[in-house]
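Inside the fold
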Amino acid sequence: MSEKIKQPIYLTVDFEDYRYNFSRDFLSIKKYYIDEVERQYWILRNIFKKINAKALFYIVGEVAEKLSEDLVNDINLNFDIGSHSLNHLKLLKMSEDEIYRDTKKSIELIENKFLKKIEHYRAPYFSIDKNETNYYKAISKAGIKFSSSLRQKKNNSKKVINLNEYGITEIPLRSIGFGLKRITVIGGSYFRLMPISLIEKLISDTIKLNFLPLIYIHNYEADYLAPPIMKKNKLNLKLQSNDYLRRLGRSTVEKKLIYLSKKYSFQSLDNFVKNY
Ligand SMILES: [Zn+2]
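In this section: the sheet that holds strand β9 (residues 173-176). Strand order in the open sheet made by the three strands is β6-β9-β10, with mixed pairing throughout. Among the strands making up the open sheet, the edge pair consists of β6 (151-152) and β10 (183-185). Judged from the two bridges that link them, β6 and β9 form a sheet pairing that is parallel. Along β9, the bridge assignment pairs Gln152 with Arg174.

Here we come to the environment of Arg19. Residue position: Arg19 is located in helix α1 (residues 18-27). Overall, Arg19 belongs to the partly exposed group, with 19 C-beta atoms counted inside 10 Å.

Turning our eyes to something else, we now look at the packing of helix α5 (residues 96-114) against helix α6 (residues 132-141). Viewed as axis vectors pointing N to C, α5 and α6 meet at an angle of 35 degrees, and their least axial separation amounts to 8 Å. Crossing geometry of α5 relative to α6 is assigned as right-handed. Between α5 and α6, the residues in contact are Glu96, Ile99, Tyr100 and Thr103 and Asn134, Tyr135, Lys137, Ala138, Ile139 and Lys141, respectively.

Attention now goes to the pairing of strand β3 (residues 80-83). Neither face of β3 is exposed, since Asp80 and Gly82 on one face and Ile81 and Ser83 on the opposite face are all buried. Inspection of the sheet shows strand β2 (residues 56-59) paired to β3 by four bridges, in the parallel sense. By the bridge assignment for β3, Tyr58 is matched with Gly82.

Next up on the list: helix α10 (residues 253-261). An α-helical turn contains 3.6 residues, so any two residues separated by three or four positions project in the same direction. Along α10, the residues classified as buried are Val253, Lys256, Leu257 and Leu260. Buried residues in α10, looked at end-on, bunch into an arc of 95 degrees, giving them a common side. Among the structural elements, α2 (34-50), α7 (188-193), α8 (196-208) and β12 (264-268) are those in contact with the buried residues of α10.

Of note, Val60 is situated in the loop between β2 and α3 (61-64). The spatial distance from the C-alpha of Val60 to the C-alpha of Arg122 is 9.8 Å, given a sequence separation of 62 residues. Not counting residues within four places of it along the chain, the set of residues in contact with Val60 comprises Phe15, Glu16, Asp17, His84, Ser85, Asn87 and His88.

We now examine the environment of Phe26. Within the secondary structure, Phe26 sits in helix α1. For the pair formed by Phe26 and Leu239, sequence separation is 213 residues and the distance between their alpha carbons is 7.7 Å.

Nonpolar side chains tend to gather and get buried jointly when the protein is soluble and globular. In terms of nonpolar packing, the biggest core is built from 59 residues, with Phe57, Ile59, Tyr135, Ile139, Leu214 and Ile215 touching the most fellow members. Broken down by element, the residue count for this core peaks at five residues, all from strand β1 (residues 7-15).

Turning to unusual backbone geometry, a few remarks are in order. Each neighbour pair has its own omega, and for Val185 with Ile186 the value is -15 degrees, a cis peptide bond. Despite not being glycine, Asn52 shows a phi value in the positive range, around 55 degrees. Summarising the element assignment, Asn52 is placed in the loop between α2 and β2. Classification of Asn52 as exposed rests on a count of 10 C-beta atoms within 10 Å. The phi dihedral of Lys130 is positive, around 65 degrees, even though this residue is not glycine. Position of Lys130 among the secondary structure elements: in the loop between β4 (120-121) and α6.

Rules of the game
- Residues numbered from 1 in each chain as written.
- Predicted model: local features only at pLDDT ≥ 70, side-chain atom pairs only at ≥ 80, totals over all residues.
- Pairing = 2+ DSSP bridges.
- Helix = DSSP H or I, 4+ residues; strand = E, 2+ residues; numbered from the N terminus.
- Buried ≥ 20, exposed ≤ 12 C-beta atoms within 10 Å, placed from the backbone.
- Axes fitted to C-alpha atoms, helices over the stretch in contact; angles between N-to-C directions.
- Left-handed = near helix turned anticlockwise from the far one by under 90°.
- Contact = placed C-beta atoms within 7 Å.
- Arc of directions from axis to C-beta.
- Core = buried A, V, L, I, M, F, W, Y, C linked by C-beta atoms within 7 Å.

Shown next as structure tokens:
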């Protein structure tokens, strides 16, 4: 199938330090593992090159600040970028001012590093439920124009939501099920764990329901050789299994992306919103 008649599918990468996030949230240790993050970038980059995939990278500010020049140049040459917050904290309970300061600082760090204007944003963990007003006011004040953080069961006739009062265009993702455990279609752990037949079905259903077909993955998603964070210990079984689940299925990601690339052409979300 030639590139021209393939259906577009939009690819986003939440670019973060999984080992930092986990160690901070569960072990109260704050340490960045930038070598690992960079290694994960090149793994993903090689896959994207094979399948001619464009993508939008949402980058965590404190991670961006620490990236090497080589990596920054490569991202600048090949991909679009946005912010994924300052240091990957949930926004659920933050005030408008707290979200504003977090977003503003992250934009400064990314712009200083990449020398590009930042207008895209995705909330860590899509954590804006019931805090949408504070969220949109804050990111708008910080200069953001495009957000892809809202999870919806149904969509209206448009693929994007124009929030004119904030000057923000929201690109919602479809979700299935209820509450915090609901499945956001399609990406992350679900992309690693679900069989490709189910992923394809979810994508075609999502298109039928008039959502923009969008796949979100993380930089660590294809890094199947990453060592576990926790040493085996009876006292931390819950944390061990949490980390295990985040690593499960990483070896399937490359195959799944290649399979989908036969049918779809992977595009950057920036390209879609700027031509909408
Ligand atoms: Zn994230």
